[in-house]
Structures are given as C-alpha cells and as structure tokens.
Amino acid sequence: MSAARRSAAAAALVAAALTGPALAKADTGRGPVGHAYVLPTAGRETAERQRMYDALRRYLEERREIPAFARKYGMKCTACHLAVPVLNQFGQAFKDNGYRMKNGTDDLRANEPAYWPLFAWLWKDYEVDVQRVGGRTVQTQGGISNGAVVLGALGSVGDKVSFRLVPIIYEDGNTNVDHGWIRYNQAFGSDWVNIKVGAADFDLPLSPGREYNMGASRFATLYAYAVPGSISRFNVLFGQPGLEIMGHDLGSRNRYSVNLFNTAGAPSAHCVLCSPGIFGRVTHRQEFANGFLRAVKAGVFGAYATWPVGPDTSDLKGQQRLGGDVELWLGSDVLPFRATLMGITGRDDRALVPGATQNPKFNAGMLQLEYVPRLPLVFYGRLQQIRNQRQAIAGTPGDFGDQDFQLVGVRFALDLNSRFASLLELTYWRWTIKHVAPGGANVTNHTVWLGTHLDF
Amino acid sequence: MATAVVVSALMVGALALGAAPLPAQGDAGRGRQVYERYCVQCHGERTDGAGEVARWSQPKPRDFRQGIYKFSSTPYGYLPTTADLDRVIQNGLYGTRMPPFAALSTRERRDVIAFLQTRSPRWRIEGSGTPIAIPAEPAPTRESLTQGRALFETNCSKCHGDGTGNGPSAVKGMVDDWGAAITPANLLLGRGKWSRTARDIYIRAMAGINGTPMPESGDALTPEQVWQVAHYVQALGGWSGSTPQLRQFAAQLPPPGAGQPAPADTVKQ
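Residues numbered from 1 in each chain as written. Chains lettered and ligands numbered in written order. Predicted model: local features only at pLDDT ≥ 70, side-chain atom pairs only at ≥ 80, totals over all residues.

Draft legend 1. Highlighting helix H7 (residues 142–155) of chain B. All names here are of chain B. Compared with the 20 Å implied by 1.5 Å per residue over 14 residues, the 20 Å span of H7 between its first and last C-alpha is a close match. Along H7, the residues classified as buried are Arg142, Ser144, Leu145, Thr146, Gln147, Gly148, Arg149 and Phe152. As for H7, its buried residues are in contact with helix H8 (157–160), helix H11 (223–236) and helix H12 (244–252). (Helix = DSSP H or I, 4+ residues; strand = E, 2+ residues; numbered from the N terminus. Expected span 1.5 Å × (residues − 1). Buried ≥ 20, exposed ≤ 12 C-beta atoms within 10 Å, placed from the backbone. Contact = placed C-beta atoms within 7 Å.)

Draft legend 2. Expanded view of the packing of H7(B) against H11(B). All names here are of chain B. For the pair H7 and H11, interaxial distance at closest approach is 7 Å and the crossing angle is 95 degrees. Our classification of the angle between H7 and H11 gives roughly perpendicular. Residue-level contacts link Ser144, Leu145, Gln147, Gly148, Arg149, Leu151 and Phe152 of H7 to Gln225, Gln228, Val229, His231, Tyr232 and Ala235 of H11. Residues of the contact of H7 with H11, tallied by class, amount to six nonpolar, six polar and one charged. (Axes fitted to C-alpha atoms, helices over the stretch in contact; angles between N-to-C directions. Parallel < 35°, antiparallel > 145°, perpendicular 65-115°, else oblique. Nonpolar A, V, L, I, M, F, W, Y, C, P; charged D, E, K, R; others polar.)

Draft legend 3. Expanded view of the nonpolar core. The biggest cluster of nonpolar side chains holds 60 residues, and the ones touching the most others in it are Phe90(A), Tyr35(B) and Tyr38(B). In terms of residues, this core owes the most to one element, helix H5 (residues 106–116) of chain B, which gives five residues. The residues that make up this core include at least three from each of domain 1 (24–125) and domain 2 (142–266) of chain B. Setting aside chain neighbours within four positions, we find Tyr35(B) in contact with Val40(B), Val112(B) and Phe115(B). If you look at the next biggest cluster of nonpolar residues, it comprises 38 residues, including Leu204(A), Leu206(A), Ala226(A) and Phe238(A). (Core = buried A, V, L, I, M, F, W, Y, C linked by C-beta atoms within 7 Å. Domains from an automatic or database assignment.)

Draft legend 4. Seen up close, the interface of chain A and chain B. Listed by partner, the interface residues are 40 residues for chain A and 41 residues for chain B. Going through the elements one at a time, helix H5 (77–80), helix H6 (89–96), strand S13 (276–287), strand S14 (293–309), strand S15 (315–330) and strand S16 (337–348) of chain A are the ones with two or more residues in the side of chain A that touches chain B. Broken down by element, the side of chain A that touches chain B gets its largest block of residues, four residues, from S14(A). Looking at side-chain class alone, the side of chain A that touches chain B contains 19 nonpolar, 17 polar and four charged residues.

Draft legend 5. Expanded view of unusual backbone geometry. For the bond from Leu375(A) to Pro376(A), the omega torsion is -5 degrees, close enough to zero to count as cis. Secondary-structure assignment places Pro376(A) in the loop between strand S17 (361–374) and strand S18 (377–390). Look at the link from Gln58(B) to Pro59(B): it is a cis peptide, with omega at 5 degrees. Mapped onto the elements, Pro59(B) comes out in the loop between helix H3 (40–43) and helix H4 (82–91). Positive phi, normally seen in glycine, also occurs at Ser252(A), with a value near 55 degrees. Tracing the chain through its elements places Ser252(A) in the loop between strand S11 (240–248) and strand S12 (254–262). We classify Ser252(A) as buried; it has 24 C-beta atoms within 10 Å. With a phi angle near 65 degrees, His435(A) is a residue other than glycine that sits in the positive phi range. Along the chain, His435(A) turns up in the loop between strand S20 (421–433) and strand S21 (443–455).

No statement about biological role is implied by the geometric values presented.
Here is the structure:
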C-alpha cells in the first residue's frame, strides 16, 4: 500500500522530529525569528513531540499493500484495491473475511508448499518542504529521504485463523515491530462473529492505513488530533491493544466492529486493565440499479477511552469521539469518482489538560475526492479541518491550535501484477496550524512529494 | 452539527435515488472494465483463458471465446443462462482459483456477464439454453438411499469409485476437452466446485459438466432415480441438507462392488 507515501510524509515529520536543535527550539515555541518551526510539534511539549514521532513511526507500519495476497490467490492488485492501497468493496469483503477468499484455497495446506504468507516492501522519495510562519518563509528543505524495508507476514493460515505481524527496518537504523494480531474467523460458524486479539486498527472511514499519500500530513491531522495541552496519548489513528469483535454479511454490505482495549501507552502501575476504552462502528452500503449514483456507504462511529491522571495514576479520565461518514460512488463501480465526507466531534475531560478550567471540545471534518479514470491511475484530493470549539484553558484564543489541511495528488502504477507492484506518486499538500508560533502566528507547511515504492 | 446535517441530507438523498429497478441487460462496455479489474489476471486480456497466472491454475481458467461453460443448469452442450453465470461469479468455484465475487454489485455482475456474452459467437447464434426441468425433491429415505447407492455403483463408480474419485477410469487417467488432466470429484468432501445441495447434485447428474468426461444422464436414469443418486451422494458427506442419520445409514451400506446393501430397516432413521 502506500508505503512510499507514508515514507515521504513520515520522512518529513520523522526527519523533522529527529533532526535535533531546530526541532527542540520549535518544540518550545520560543525559537528566534527565522528559525525553523516544525509544524507538527510547534508549540507543544517535548513529550508531545515524542508522541508525534512515535505516531509517525507507527503510522508507517499501517500500510497494507500486500502482494502476498495477489501471489496467493493469483489476482491482480486492482481486484481488491480501488487504487492501491484504497480498498474497493471486493477488497473490503476480503479483509472482513480475515484476508480469506473463503473458497477452499485459504488454508496454507491448499497452497503450493513454496508459498509463504510473506511480503516485502520498500520505498524511496524526494520531498521539498517550505515552512512559513506568520506569512514569512522560515525554512526550506528537501532531499531524498530515508527509506525502509518492510518484511511482513499477514494472511490466513487456515480457514479459522488469520494473522498479522509486520516488522519494519528503517535506513536510519530504527526498527519497529507491528503489534500484530491473531484473528479467529467465523466464531460459532457465523460471519457475524470474528474475534481478533492484539493491536487492531479501528474501522475508520477512509482507513488511515490505506492512505494514498505517504506524506507526513495525511490523516494524522485529524485522527491523531489531541486538544492543546492534553497529556493523553489516545487517538483513533493507531491500533489499540485489546480485543476486536466484528461481523458482516455476505459481500460486507452491512458491517459492525467493536474494539475493547487498554489505551496504548497509558501508565499501568496499579492495575491490569488500567485505561479501558471502547470503539465501535457500523456501516451500511447501498447499491443502486440505475443512475449516476452507483453506491452509498454510510457509517457512524464512536470511541470512549480513559487515561489515568493523579499521583498514582489511578484516577481515570475520559475522552469521547463521535463521528459519521458517507461515501458516494459515482459514475462507475469500477472506475468511479468517489467522494467521502466525514465529521467527528471530540470532548476530553479537563483533568487531562494541566491547568484546564473547562472540558475542551473540538469538531473536525474531512472531504476526500478520488477519481480513477483508468487503471492504474488515480487522482485524489482531501480537505481536513479541525476547529476547537472550547479551549481547555479559559482565555486561550478560541482558534488556537485549529488546523487546515489540503492535499492533491496523483498516483500511477508502473507495474501491477500478481507478483509485484511498482508505483509513482506526486503529491502536494498544505498544512496550517493556527497561532502556535511565538507571537501567535500561524505555521504553515507546504510540501511537494515525489515518491516511488515497490511491493513484492 | 452542520456536518451531521450535511451528512444526513446526503444519505437520505442518496437512498432516495436508489429505488429504481434493476436493468435486465448489462452494459458490455462497462463489463469490460469490470473484467479488466477482476478477471484479466486469470482469463487473460483476450479472454482466452491465458492470463498471467493461468499457467499455475488447475483447472485452467475458461477461454470465453469458445463459449463452453462447465457449470450450467441447461442440458449438456447448451450455453448457460445469465443466472448460471451470475451464480458462478457470486459463489466462485470452490477449491479453484475462481473466487466468490459476492461483493460485486448486481450491476457489475450483469455488466461483466454482458461482456462475456460478446466473446463467443455462440451467444449470438444459439443463445442461452433452457434450464432442465427439476421435479419436486422427494424426501430422502433409507430406501431411496439404498436404491441410489445401487444406481451410483452402476452409473458413477467407474469414475467416482467409492465416492472419493478413485474409480478405475480415474486411476487410468482422464483429460478434459482441452487436454488437461482432470480428476473426478471427491464426493465425500460434502461440497463440489459448484454444487452444495442435493438439488445441485441433481442438476449436475442430469446435465453433466461441459467439456469434461462427466456426462449428462440422458435417458439412462429417470428423474426419480437421479434424485435417489443425488440423495445417496448427499449422504456420503456433509453436504448441505444431509442429516447425521442419513450419513450414518449411508456409511453402513456396503461400498460399491461389495455386494448387496444392508437391509434398509436395520438402521434407525
């Protein structure tokens, strides 16, 4: 999937986060005029910078371009992907089935002995970033970013068991291992009960693990948003360790998922299930017999997570997220114009923000447009907005930390077959965070990203 | 809040647009797009069954230019109906590289079927066959199973042997019309590539499988006898609709060629 794009994006953020002094100053938000302010961390605490760094690392792990499946089932990538890595309905059903075709060919014993459910993926990209603070350019940087190789294992070993484990080795020496999960398919013989144990990604609209662009911006803007000053590390972008129960009908036109988890990263000195949380989503897809509108998929989702506060971290405070989404397939099922609109609202307990006087609230929205004129070419664009409705600390400007994000891009596959995929991508995005620079200026990053990635 | 209102409006509007009836005929042009996304890897860009992975596929993908389809509800040698093709697309062919495409929309399936029907002149010249008549399914009994086992031995065991596909013809080796090695189905698995129920077994026994050594029953068996064979086969494995009692009874029948079956009343139903 979009390893490359993530690499680029991640490269931007990760590189920025790792590059040292400039970043450190940016984190304090008190750097000299003209100094670089790395957008994702500007005005935040060092811990938050680390959180973003971790988030990006983990975000990179989320990609799922898995040629191993094409190899196993002898199908083209486009069978499952509207455009790699975004799933179409057939791919969604395949995923919901635990990466199984349910056709007697999923069991490893049904495959040639030479087959193993492994894949490799590597990427390289060139990227130029221009950062502007208060309308003035403070930093321009670019170059070939560090790439990585992903050696993943994912798929089904039998009709009843699917799994995922994805280690990633970066050129800069870092290595991450995906938390991974094991899923027991069709418990009680029903597609409506599938049980996954491990760190499962949430079933979000426009799955952040299947983003076209590999750039640093992407969905982190929205799904990983935390109200200014929050000490909680919970967000819906990343998988949380726990249990997922999901189900679907034939063809995955009606689906649900429920995640019961312990919030990742929460202090856990005094309990077993220290910071419990729950996430759930239901979706329905309606297909139409005639007309320009081919299908509509609508869903609602919500999460409630806790995070410990207090001297002994025994006092749990809550965060809630509620959202809805609608996805329109227009013109064609196969080569569609797809529009996805999503809204989310969040509210945190004020105890999660030191010095807070009221419970902070925010609203956010996202619109993504995709057009596939022919295989394997896709144009895409996305708008994201985050608006803080109520700041935790009284007196803080109402739009402090508000964010605007715009992205346009094109992706083309040079090769897309049953053994490997080779892709090129060109993307531009702009990301603005309001009033986080010293003096209250806005910080805006402009990024042009050109990347290639290879999956096999 | 505003977002929620917009989303709700879009959802309601979209659903309101969805009340139109399904078109009876697909669009072959759009069907080609469907084909190129989902089918080309096996069936090939020229629809000749020579796709990129065809060399590793057994059985081989269909060559749609020939207009020969293995699984049909029509008599042997006739083209399948649109519903037959749709069934294969939706359910796939179990144990083969043909996966179930139940997630495709009805329009997508209709469109790709329309496209496939442009690939052979047979569709234009002959058109689809008429599905075979299927009389009402009688309830399986120990007597009908016993009779079915005898008929199976006479008509089927040459290839299917004791049900596992180990008949003498199979042992010698069999090929299909395209020259590829082919083995009779193992009926003990409780599921065929196409068949799942006794009704499916009935259709296969009556219509055979085009392009393979599996013949139609023709005049060799009456519909009642075909049902008896179907119920015996159903009781050989965990086919949909088979009961533990019938499977137990079938298991106690002597294997084909071993002589007279056990008296029907020796086993509780």
